[in-house]
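Examination of the molecular architecture
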Amino acid sequence: MLSRVADTIYWLGRYMERTQAMLQVIRIQYIASQDEPHYWGWLPLLYAFGDLSDEDIAKKAPHTPQVLYHLIFDRENGASVYHNIVRGRENARAVQDHITKEVWQSLNDYYHLIRRDDMAHLTLGEDPVSGLDALTQQSVLYVGTVQNTMPRDEGYLYLKLGKFLERALQTVDLLRINQHLFDQENVAHSPELRYLLYGLLGYELYVKTYQGQIDATSVLELVLYNSDFPHSLRYSLEQLLRYCERLKDKSRPESYEQLRFLIGKARTTVAYSTMHAQQPGALGQFLGQVRGELLDVTAALSNLYFGNG
Amino acid sequence: MPNNPLLSSYAEQPQVWDEMFQAGAVRPEYQAFVAALENLAGAEMTRKDELAKKLFMSQGITFTVYSSGEGIEKIFPFDVIPRIISNSEWLRIEAGIKQRLKALNIFLKDIYHQQFILKDGVVPAALVYSCPQFLREMMNVQVPHDVYTHIAGVDLIRDHDGEFYVLEDNLRTPSGVSYMLENRSITYRIFPDLLPKSNVLPVKGYPDLLYRNLQALADHQTSDPTVVLLSPGIYNSAYFEHSTLARLMGIQLVEGRDLIVHNHFVYMKTTKGLEKVDVIYRRVDDEFLDPLAFRPDSALGVPGLYWAYRKGNVAIANAMGNGVADDKAVYCYVPDMIRYYLGEEPILKNVPTYQLENAEHRELVFKDMDKMVIKRTNESGGYGMLIGSAATEAEMADFRQAILGDPRSFIAQPIISLSSTPCYIDGKLQPRRIDLRPFALCGPSGIDIVPGGLTRVALREGSLIVNSSQGGGSKDTWVLGN
């Protein structure tokens, strides 16, 4: 496969995963902002997904519609949901002969959906949850279309590598934003922990697994180590390893060995750690290490497979 | 005239050849189609028209217009009424194009080698050497099998007497073939059963023929040659065509940045390392192909490609330097080339053309400017031209001045009326002007032309410009079998 094509498909996977993660987090934050008397504000998300100066962030943060506009529809914001979808679709266009017509059409529909005026009107004016739901639905449709129509060839492997790398990074970043919840006594923070679980689509699994009050150590255990939870770090890393191993006969041996080593290293770092709450500073250091190792994987893919070295 | 109001309300234009009707009667090649049309109610036609639009949009058969960094996809307007050509007419067109291409191919070989045609004074040497598309870099380059014009899209028009004329020989990177294929795939959806009943010859063999010819260009030492299609990338308006052709032939669609030249061999960068490329079907213009040999600022090409080509390590279709044969001023000499190289009389006529370098011609043209089309020799796509009958005095004065400044760059032709055909517009059949671009493939085993081509329509009322960039659309083209 052409290096450029592999690179483009890999980034298609990343953009679409990022879109889905952002929409879910924004949706949950919005609900929290309506439902929580002591809502903690939009600042962390504006820092994570916006590209504003500190001054602008302070100005925008108290106004929910402005925040939603900036994070979702703002064409000036290079990290907005809109931009992710546009870039995902541009990537798909550039590799149209390597993805199925159905996948292309679902991305094309997504692009037309987010450009519709009534979509912005619904999300910013009428009912943000309905608007976000409609967008999320299109994301889910894309995922299903990939699953149902794409041949399991080399392109599919890069699509999946992009997806799970992005998911692992998103999970790490969300934990980093919420680090303070795990550093101290947890009782006062339980609403935030609950929304963190919602944001990762893990609340139901948590309730089923731990049946009781939400405590920080259990949340951390679920999000870091539970291999049945599709948004846990461990799950993402195992999937990465799985798709990497399928690349073996499609790679130069030395490239494969290097990539396999780096993914294995990140997985081992997570699998053989024993993080729990109330270890001030330890979680931050751990997440920093994992993030660094994930970035090594992205750099290795870029250099060894995509010819960007 | 038939009874259906759709057909009976159609008004033929005087002094224009109508493809469907002749003095109120339906021409024989259209009879089966018109019979089917007569049974349709007006609303049904509108539904078919809408269905066609929907199919084009949902299948992404679009071209892209870029503005403010965002791609806006537009569908290439399609008219549901096909253009039909009888078998005998087609055989004549086919023979005429084959004859022409044979001569043009020999001309290119000759001009880049011994130049007999210049030495014998058939074509003036000054005309060839002053052509910006004449590449000195191609002198004495051995191209595989002596084929230069692998893919040609010859534009034909029909005058009021029904005679076909060649308007242009596009020998560089002619586009539009994907629309020929897509138009057919839409037509059988909107007119079920009509194609087999009318005995329409298929066009679907084009990608296979093209691939066979491309593969044949590779060095015979290579058992399984790698053929790629080189595209300028997604921002090119014909990107849809590039990706369609690559998909239909099952070959890699590459951009300049995917290729690298090492030791005068061309390789593509893959996830498994470098892979040798044997044949390139390029859709990048000559001047952008190699920044080391041509335009140094080109980011679309591959540094070193020219030398790899010159050494015979890679085959490129179409050959570089073909522009000298489809220059609008050299065009006047194509009939002479046919007589000179083949000893035959041209089957298809040229549109009479005045070279404005010639003072007598220039005077004649200036006198009758309102009856002339004046074109720049190095422009295409309907740009850089003046249609005398529709031009203002000021525009004419501007052109006069430009011509006097650089007469080599202009030619003039009498306005040919262009035949018209019914189009379904706003719920009615209305006459619109058309041309025809059949696609010819020259390979080591000869010249193949798929029966049909792209019929382009000037959708604006009264317009003679069929180019898609200037309000043109297209129709499916049916060639009937025996």
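Residues numbered from 1 in each chain as written. Chains lettered and ligands numbered in written order. Predicted model: local features only at pLDDT ≥ 70, side-chain atom pairs only at ≥ 80, totals over all residues.

- Identification of chain B as Circularly permuted type 2 ATP-grasp protein from Hymenobacter setariae is taken from an unreviewed UniProt entry.

- Per an unreviewed UniProt entry, chain A goes by Alpha-E domain-containing protein and derives from Hymenobacter setariae.

1. Re the overall build of chain B
- When helices and strands are tallied, chain B shows 15 helices and 25 strands.
- What you see for chain B is a C-alpha radius of gyration of 23 Å, in line with the 23 Å of a compact globule of 482 residues.
- Along the first, second and third principal axes, the C-alpha set of chain B runs to 70 × 60 × 50 Å.
- Classification of the 482 residues of chain B by burial places 45% in the buried group.
- Sequence-distant contacts in chain B: of pairs separated by 6 or more residues, those separated by 24 or more amount to 68%. (Helix = DSSP H or I, 4+ residues; strand = E, 2+ residues; numbered from the N terminus. Rg over C-alpha atoms; globule rule 2.2 N^0.38 Å. Buried ≥ 20, exposed ≤ 12 C-beta atoms within 10 Å, placed from the backbone. Contact = placed C-beta atoms within 7 Å.)

2. Quick notes on the overall build of chain A
- Helix and strand content of chain A: 16 helices and zero strands.
- Compactness check: chain A gives a C-alpha radius of gyration of 19 Å against a globular reference of 19 Å for 309 residues, within 12% of the reference.
- For chain A, the C-alpha atoms occupy an extent of roughly 55 × 50 × 40 Å along the three principal directions.
- Across the 309 residues of chain A, 45% fall into the buried class.

3. Thoughts on the packing of helix α1 (residues 3-35) of chain A against helix α8 (residues 128-149) of chain A
All names here are of chain A.
- Look at α1 against α8: their axes get within 10 Å of each other, and the N-to-C directions meet at 155 degrees. Between α1 and α8, the angle is such that the two are roughly antiparallel. Viewed along their axes, α1 and α8 form a crossing whose handedness is left-handed. Along its contact with α1, which presents Met 16, Thr 19, Gln 20, Leu 23, Gln 24, Ile 26, Arg 27, Tyr 30 and Ile 31, the element α8 presents Pro 128, Val 129, Leu 132, Leu 135, Thr 136, Ser 139 and Tyr 142. (Axes fitted to C-alpha atoms, helices over the stretch in contact; angles between N-to-C directions. Parallel < 35°, antiparallel > 145°, perpendicular 65-115°, else oblique. Left-handed = near helix turned anticlockwise from the far one by under 90°.)

4. Considering unusual backbone geometry
Residues and elements named next belong to chain B.
- The peptide bond linking Ala 317 to Asn 318 adopts the cis configuration, its omega dihedral lying at -10 degrees.
- Structurally, Asn 318 is set in the loop between β14 (315-317) and α13 (334-342).
- Of note in this structure, His 145 is not a glycine but carries a positive phi near 55 degrees.
- The residue His 145 is located in the loop between α6 (125-129) and β6 (151-158) in this model.
- Under the C-beta neighbour-count criterion, His 145 is labelled partly exposed, with 15 such atoms within 10 Å.

5. Some thoughts on the sheet that holds strand β11 (residues 265-270) of chain B
Residue and element names in this part refer to chain B.
- Spatially, the three strands line up as an open sheet ordered β10-β11-β12, and their pairing is antiparallel. One side of each edge strand has no neighbouring strand; the edge strands of this open sheet are β10 (259-262) and β12 (273-276). Strand-to-strand, the axes of this sheet are offset by a mean angle of 40 degrees, without reference to chain direction.
- Summarising the sheet, β10 and β11 pair through four bridges and their orientation is antiparallel. (Pairing = 2+ DSSP bridges.)

6. Thoughts on the interface of chain B and chain A
- Chain B puts 18 residues into the contact, and the matching count from chain A is 18 residues.
- Of all the secondary structure elements, the ones that give two or more residues to the side of chain B that touches chain A are α10 (239-249), β9 (252-254) and β11 of chain B.
- Residues that form the side of chain B that touches chain A fall into these classes: five nonpolar, seven polar and six charged. (Nonpolar A, V, L, I, M, F, W, Y, C, P; charged D, E, K, R; others polar.)

7. Thoughts on the environment of B:Ser243
- In this fold, B:Ser243 is placed in helix α10.
- A residue is classified by how many C-beta atoms lie within 10 Å of it, and B:Ser243, with 22 of them, is buried.
- Along the sequence, B:Ser243 and B:Ser178 sit 65 residues apart, while their C-alpha atoms lie 9.6 Å from each other.
- Not counting chain neighbours up to four residues away, the residues in contact with B:Ser243 comprise A:Gln96, A:Asp97 and B:Leu253.

8. Some details on the sheet that holds β14(B)
Residue and element names in this part refer to chain B.
- Read from one edge to the other, the open sheet built from four strands follows the order β9-β8-β13-β14, with strand pairing classed as parallel. In this open sheet, the two edge strands, each paired with only one partner strand, are β9 and β14. Each adjacent strand pair in this sheet contributes to an overall mean axis angle of 30 degrees, direction not counted.
- Both strand β13 (residues 279-282) and β14 contribute to a ladder of three bridges, which runs parallel. Along β14, the bridge assignment pairs Tyr 281 with Ala 317.
- Contacts between α10 and the sheet are confined to β8 (227-230) and β9, with β9 contributing the most and set at about 150 degrees to the helix.

9. Some details on the domain arrangement of chain A
All names here are of chain A.
- You can read the domains of chain A as domain 1 (1-150) and domain 2 (161-309).
- Between the C-alpha centres of domain 1 and domain 2 the distance comes to 21 Å.
- Listed by partner, the interface residues are 19 residues for domain 1 and 20 residues for domain 2.
- Only α1 and α2 (43-49) provide two or more residues apiece to the side of domain 1 that touches domain 2.
- When residues of the side of domain 1 that touches domain 2 are assigned to their parent elements, the largest contribution, 15 residues, is made by α1.
- For the side of domain 1 that touches domain 2, a count of residues per class yields eleven nonpolar, three polar and five charged. (Domains from an automatic or database assignment.)

10. Side note on the confidence of the model for chain B
- When pLDDT is averaged along chain B, the result is 90, and 95% of the positions lie at 70 or above.
- Complex prediction metrics read pTM 0.86 and ipTM 0.80. (pLDDT = per-residue confidence, 0-100.)

11. A closer look at the pairing of strand β25 (residues 472-479) of chain B
All names here are of chain B.
- With respect to burial, β25 is a largely interior element, eight of its eight residues being buried.
- Two strands pair when backbone bridges link them, and strand β5 (residues 78-85) and β25 are joined in this way by five bridges, in the parallel orientation. Counted as the bridge partner of Ile 84 is Trp 478 from β25.
- Bridging between strand β24 (residues 454-458) and β25 involves four bridges; their strand directions are antiparallel. Its bridge partner being in β25, Val 457 is matched across the sheet by Gly 473.

12. Quick word on the pairing of β13(B)
Residue and element names in this part refer to chain B.
- Of the two faces of β13, the one carrying Val 279 and Tyr 281 and the one carrying Ile 280 and Arg 282 are both buried.
- Looking at chain direction, β8 and β13 are connected through four bridges and run parallel. Bridge pairing in β13 links Val 227 to Val 279.

13. Overview of the packing of α1(A) against helix α5 (residues 81-94) of chain A
All names here are of chain A.
- Contact geometry for α1 and α5: axes closest at 9 Å, N-to-C directions at 155 degrees. Taken together, α1 and α5 sit at an angle that is classed as roughly antiparallel. For α1 against α5, the interelement crossing comes out left-handed. Touching Thr 8, Trp 11, Leu 12, Tyr 15, Met 16, Arg 18, Thr 19, Met 22 and Leu 23 of α1 are Val 81, Asn 84, Ile 85, Arg 87, Gly 88, Asn 91, Ala 92 and Ala 94, all from α5.
- Among the residues making up the contact of α1 with α5, the classes are represented as ten nonpolar, five polar and two charged.

14. Focus on the environment of B:Leu104
Residue and element names in this part refer to chain B.
- With respect to the helices, strands and loops of the structure, Leu 104 is situated in helix α4 (residues 87-111).
- C-alpha separation for the pair Leu 104 and Pro 207, spaced 103 residues apart in sequence, amounts to 23 Å.
- Each residue touching Leu 104, except ones within four places of it in the same chain, is listed here: Thr 149, Asp 169, Leu 171, Ala 325, Val 334 and Met 337.

15. What to know about α8(A)
All names here are of chain A.
- Helix length check: α8, at 22 residues, gives a terminal C-alpha distance of 32 Å against a target of 32 Å (1.5 Å per residue), a fit within 8%.
- Every buried residue belonging to α8 is among Pro 128, Gly 131, Leu 132, Leu 135, Gln 138, Ser 139, Tyr 142 and Val 146, and all of these are buried. Around the axis of α8, the buried residues are gathered within 115 degrees of arc, so they sit on the same side. What points out from α8, more than 90 degrees from its buried face, is the exposed set Ser 130, Val 140, Gly 144, Gln 147 and Asn 148.
- Where the residues of α8 are buried, they touch α1, α4 (64-73), α6 (101-115), α7 (117-126) and α9 (154-177). (Expected span 1.5 Å × (residues − 1). Arc of directions from axis to C-beta.)

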